[in-house]
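Residue-level listing of the chains:
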Amino acid sequence: MSVIVYTENWDGKFKKLSFELASYAVSLAEMLGTEAIALSLGDVGDDELERLGQYGIRRVIHLSGEGLAPFDSQVAAGIISHVAAREGARALVLANNNLGKALAPRLSVRLKAGLASGVHQLPSSINPFVVSKKVYSGNAFARLELQGEIKVLTLAQNSFDLVEQAGEVAISREEAVAFEKPAAELLESHKQSGKVLLSDADIVVSGGRGMKSPGNWGPIEELAELLGGATACSRPVSDEGWRPHEEHTGQTGKVIAPNLYIAVGISGATQHLAGISSSKYIVAINTDKDAPIFEAAQYGIVGDAAKILPRLVEAVKALKS
Amino acid sequence: MRILVCISNVPDTTTKVRFADGNTRLDTAGIQWVINPWDELSLTRALELKEEGGSGVEEVVVAHVGPPTSDPTIRKALAIGADSAIRVNTGASDAFQVAAQLSAILKEQSFDLVLCGIESSDYNGSNVGGMLAEFAGWPSVSAISGLAVAGGEVSVTREIDGGREWLRVPTPFVGIVQKGIAKEPRIASMRGIMQARTKPILVLEPDDTAPLTRVLDFEPPRPRAACKFVDASDPAELIRLLQNEAKVI
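Residues numbered from 1 in each chain as written. Chains lettered and ligands numbered in written order. Predicted model: local features only at pLDDT ≥ 70, side-chain atom pairs only at ≥ 80, totals over all residues.

Engineer: Explain the overall build of chain A to me, please; I cannot follow it from the model alone.
Structural biologist: If you tally the helices and strands in chain A, you get 9 helices and 15 strands. Taken against the 2.2 N^0.38 rule, which gives 20 Å for 321 residues, the C-alpha radius of gyration of chain A at 21 Å falls within 12% of a compact globule. With the C-alpha coordinates aligned to their principal axes, the bounding extent of chain A is approximately 60 × 45 × 40 Å. Counting only contacts in chain A whose residues sit at least 6 apart along the sequence, the fraction spanning at least 24 positions is 67%. (Helix = DSSP H or I, 4+ residues; strand = E, 2+ residues; numbered from the N terminus. Rg over C-alpha atoms; globule rule 2.2 N^0.38 Å. Contact = placed C-beta atoms within 7 Å.)

Shown next as structure tokens:
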């Protein structure tokens, strides 16, 4: 028996999300009275794999081989379910990110396993298996009962605290058993470099139509940089082409869960709140004191962003010096 | 080339959701039902491709799993421009069941490309597209933000964490579609609405696939504490609060 946690890597490296997954899987394995095994695919060194040991992982299965690139969910699901069956997995844990969302539904069908995506806490009971997830774009939680011998869960980013439990890690390196070949042919790829990724950022500074023009984004970028965070925007702003589409946070854009979200000149339409409601703290700066964003925010300033932002930048600079 | 666009029937995204019967079901009173926003974008792109010369796309069909009460939403898709529709007649209760019913359509009829929205705005699962591909034994490409078809050859833009890839994908496959695939959802014209009345909706009966998940109940999110206002004359106070009280910077 086991809980298998799929720990994706980014150019051979793990990130905080990987350790959140490890912590979650180890806690879930304790509930089920079994061990958590981390499963890693691709090209990752022993030093990196051993970092999972900080978070209670004692066994890592690392698979490499042909057919892992370009990423193909059908191929990867075949490889993962093969290991899951061999290791008697009772649960599989993946991230609720692009890759996890592509793999989990296939694993659910392949293993006839009940799937809950975007879970934010451990199951409230194991038998029956009951777990909670956000539904209606953050406007409610649903308690789901999962059927099947095996359960598949995808964990929402920044929703589960790291649990440190250092110890030795046994790493076994194996050849991946691929049943299919990647269907697609990679023509070109582009990776964002040097900047904090919006999905990973602990702090996000976001601008809306209240910023009035794309030329006014300077202090937003400066504040984000000073705080070690990322910049984002509301939908009208990306639709207008003031900011790139990758920055659009909201129901149809990116759904993020930073520790701090600073919304500047964003009124807070339901669709926008759907993308940011999991933030631990929301700060709103808006000229309209009745803007719905203030209902979601813990801290607010009613006033003109053009005047307030430079003073926030000054205050953060003073704090950092 | 035939494209099947899977559509889900969801409450309008501005709906204030309320629950009934001891929070065990959605209170549907007064709800406006719409095509799931990502499905609507998929349909829009499929229709654009059909109209583009040289794409080789000849027919766009929409598929829906749901009871007859979903028909107004299906008619909306037909009014926007889909050629015909297929509805599997069941109130399926989870993504596994929905995907199983959709995969049955692929056994009955031949399609080159199936498009599914990346998630539905009600259950936010991101499940149906991948499950459908797995049931059908087809490849799939997820998080597609661009789709081009030229002479029957398909290439896509795929969003990955922190980047983007361009792929050529042999058909058939399931494309799981996110924002960016089309600029704006297409709005039905009066002529489209008239034509939709006579376009065919093929009704299929469901198979006996049982669901794998069950919603026990719903819970509204915990209310957040009231907003603490900082005076606009002293923005530095906000930074002090974030540092000393919230401890997030």
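Engineer: Help me understand the overall build of chain B, please; the structure alone is not making it clear to me.
Structural biologist: A tally of helices and strands in chain B yields 6 helices and 15 strands. Counting only C-alpha atoms, chain B reaches 65 × 45 × 40 Å along its principal axes. Put simply, chain B has 249 residues, and 49% of those count as buried. (Buried ≥ 20, exposed ≤ 12 C-beta atoms within 10 Å, placed from the backbone.)

Engineer: Got a minute to help me understand the nonpolar core in this structure?
Structural biologist: Here is a general trend for soluble globular proteins: nonpolar side chains tend to be buried in one another's company. Membership of the largest hydrophobic core comes to 139 residues, with the highest contact counts inside it found for Val 5, Ala 25, Leu 92 and Val 93 of chain A together with Val 5 and Leu 132 of chain B. Broken down by element, the residue count for this core peaks at 9 residues, all from helix H1 (residues 16–32) of chain A. Beyond its immediate sequence surroundings of up to four residues, Val 93 of chain A is in contact with Val 3, Val 5, Leu 21, Tyr 24, Ala 25, Leu 28, Leu 153 and Leu 155 of chain A. Counting residues in hydrophobic clusters, the runner-up holds 51 residues, among them Ala 201, Ile 256 and Ile 301 of chain A together with Ile 239 of chain B. (Core = buried A, V, L, I, M, F, W, Y, C linked by C-beta atoms within 7 Å.)

Engineer: Please clarify how unusual backbone geometry should be interpreted in this entry.
Structural biologist: Most of the time, phi is negative for any residue but glycine, and the peptide bond is trans. Note that the residue after Ala 69 of chain A, namely Pro 70 of chain A, is joined by a cis bond; omega there is -5 degrees. Assignment of secondary structure puts Pro 70 of chain A in the loop between strand E3 (59–64) and helix H3 (73–86). The peptide bond linking Asn 127 of chain A to Pro 128 of chain A adopts the cis configuration, its omega dihedral lying at 0 degrees. Backbone geometry at Asn 124 of chain B places phi at a positive 45 degrees, although glycine is not the residue there. By the element assignment, Asn 124 of chain B lies in the loop between strand E8 (113–117) and helix H4 (128–136). Residue classification places Asn 124 of chain B among the buried residues on the basis of 22 C-beta atoms within 10 Å.

Engineer: How should the pairing of strand E14 (residues 281–286) of chain A be read in this particular structure?
Structural biologist: The two faces of the sheet receive side chains in turn, since in a regular strand these alternate between them. All names here are of chain A. Burial runs high along E14: 6 of the 6 residues are buried. In E14, alternate side chains face the same way, and those of Tyr 281, Val 283 and Ile 285 on one face and Ile 282, Ala 284 and Asn 286 on the other are all buried. The pairing of strand E13 (residues 260–264) with E14 spans 5 bridges and is classified as parallel. When the bridges of E14 are listed, Val 264 appears paired with Ile 285. Where E14 and strand E15 (residues 299–302) come together, 4 bridges link them in parallel fashion. Counted as the bridge partner of Ile 285 is Ile 301 from E15. (Pairing = 2+ DSSP bridges.)

Engineer: What should I look at first to understand the sheet that holds strand E12 (residues 230–233) of chain A in this one?
Structural biologist: Read from one edge to the other, the open sheet built from 6 strands follows the order E12(A)-E11(A)-E13(A)-E14(A)-E15(A)-E15(B), with strand pairing classed as parallel. The sheet terminates laterally at E12 of chain A together with strand E15 (228–229) of chain B, the two strands that pair on one side only. For strand E11 (residues 203–207) of chain A and E12 of chain A, the ladder comprises 4 bridges, and the chain directions are parallel. Looking at E12 of chain A, one finds that Ser 206 of chain A is bridged to Ala 232 of chain A.

Engineer: Where do I start with the packing of helix H5 (residues 218–226) of chain A against helix H9 (residues 305–320) of chain A in this structure?
Structural biologist: Each packed pair of helices is defined by two parameters, the angle between the axes and the distance between the axes. All names here are of chain A. Between H5 and H9, the least distance of the axes is 9 Å, while the angle of their chain directions is 20 degrees. Relative to H9, the element H5 lies roughly parallel. Of the two elements, H5 crosses H9, and the hand of that crossing is left-handed. Taking contact as the criterion, the partners of Pro 219, Ile 220, Glu 222, Leu 223 and Leu 226 in H5 are, on H9, Leu 309, Pro 310, Leu 312, Val 313, Val 316, Lys 317 and Lys 320. A class-by-class count of the residues in the contact of H5 with H9 yields 9 nonpolar, no polar and 3 charged. (Axes fitted to C-alpha atoms, helices over the stretch in contact; angles between N-to-C directions. Parallel < 35°, antiparallel > 145°, perpendicular 65-115°, else oblique. Left-handed = near helix turned anticlockwise from the far one by under 90°. Nonpolar A, V, L, I, M, F, W, Y, C, P; charged D, E, K, R; others polar.)

Engineer: Explanation requested: the environment of Val 65 of chain B in the structure shown.
Structural biologist: All names here are of chain B. Tracing the sequence through the fold places Val 65 in strand E6 (residues 59–65). A residue is classified by how many C-beta atoms lie within 10 Å of it, and Val 65, with 27 of them, is buried. Residues Val 65 and Ser 8 lie 57 residues apart in sequence; the distance between their C-alpha atoms is 7.6 Å. Once residues within four sequence positions are removed from consideration, Val 65 is found in contact with Val 88, Thr 90, Ala 92, Val 98, Gln 101 and Leu 102.

Engineer: I keep staring at the domain arrangement of chain A and nothing clicks. Help me out?
Structural biologist: For an interface, size is often stated in terms of accessible area lost upon the parts coming together. Residue and element names in this part refer to chain A. When the domains of chain A are assigned, the result is domain 1 (2–175) and domain 2 (203–320). Computed over C-alpha atoms, the centres of domain 1 and domain 2 are 32 Å apart. With 6 residues of domain 1 at the interface, the matching set in domain 2 holds 7 residues. Residues belonging to the side of domain 1 that touches domain 2 are distributed by class as follows: 1 nonpolar, 5 polar and no charged. (Domains from an automatic or database assignment.)

Engineer: What is the right way to read H3 of chain A from this model?
Structural biologist: Because an α-helix packs 3.6 residues into every turn, residues spaced three or four apart end up facing the same way. All names here are of chain A. The terminal C-alpha atoms of H3 lie 20 Å apart, and with 14 residues this matches the ideal 20 Å at 1.5 Å per residue to within 8%. When you tally the buried positions in H3, you get 10 out of 14 residues, the bulk of the element. Within H3 the residues assigned to the buried category are Ser 73, Gln 74, Val 75, Ala 76, Ala 77, Ile 79, Ile 80, Ser 81, Val 83 and Ala 84. A positive phi of about 60 degrees marks Gly 88, the residue just after H3. (Expected span 1.5 Å × (residues − 1).)

Engineer: It is not clear to me how helix H3 (residues 95–108) of chain B should be interpreted in this structure. Could you clarify?
Structural biologist: Between its first and last C-alpha atoms H3 of chain B spans 20 Å; for 14 residues at 1.5 Å apiece the expected length is 20 Å, and the two agree. Counting buried residues along H3 of chain B, 11 of its 14 residues qualify, which places the element largely inside the surrounding structure. For H3 of chain B, every residue scored as buried is listed here: Ala 95, Phe 96, Gln 97, Val 98, Ala 99, Ala 100, Gln 101, Leu 102, Ser 103, Ile 105 and Leu 106 of chain B. Buried residues along H3 of chain B sit in contact with helix H4 (98–110) of chain A together with strand E1 (2–6), E6, strand E7 (84–88), H4 and strand E13 (201–204) of chain B.

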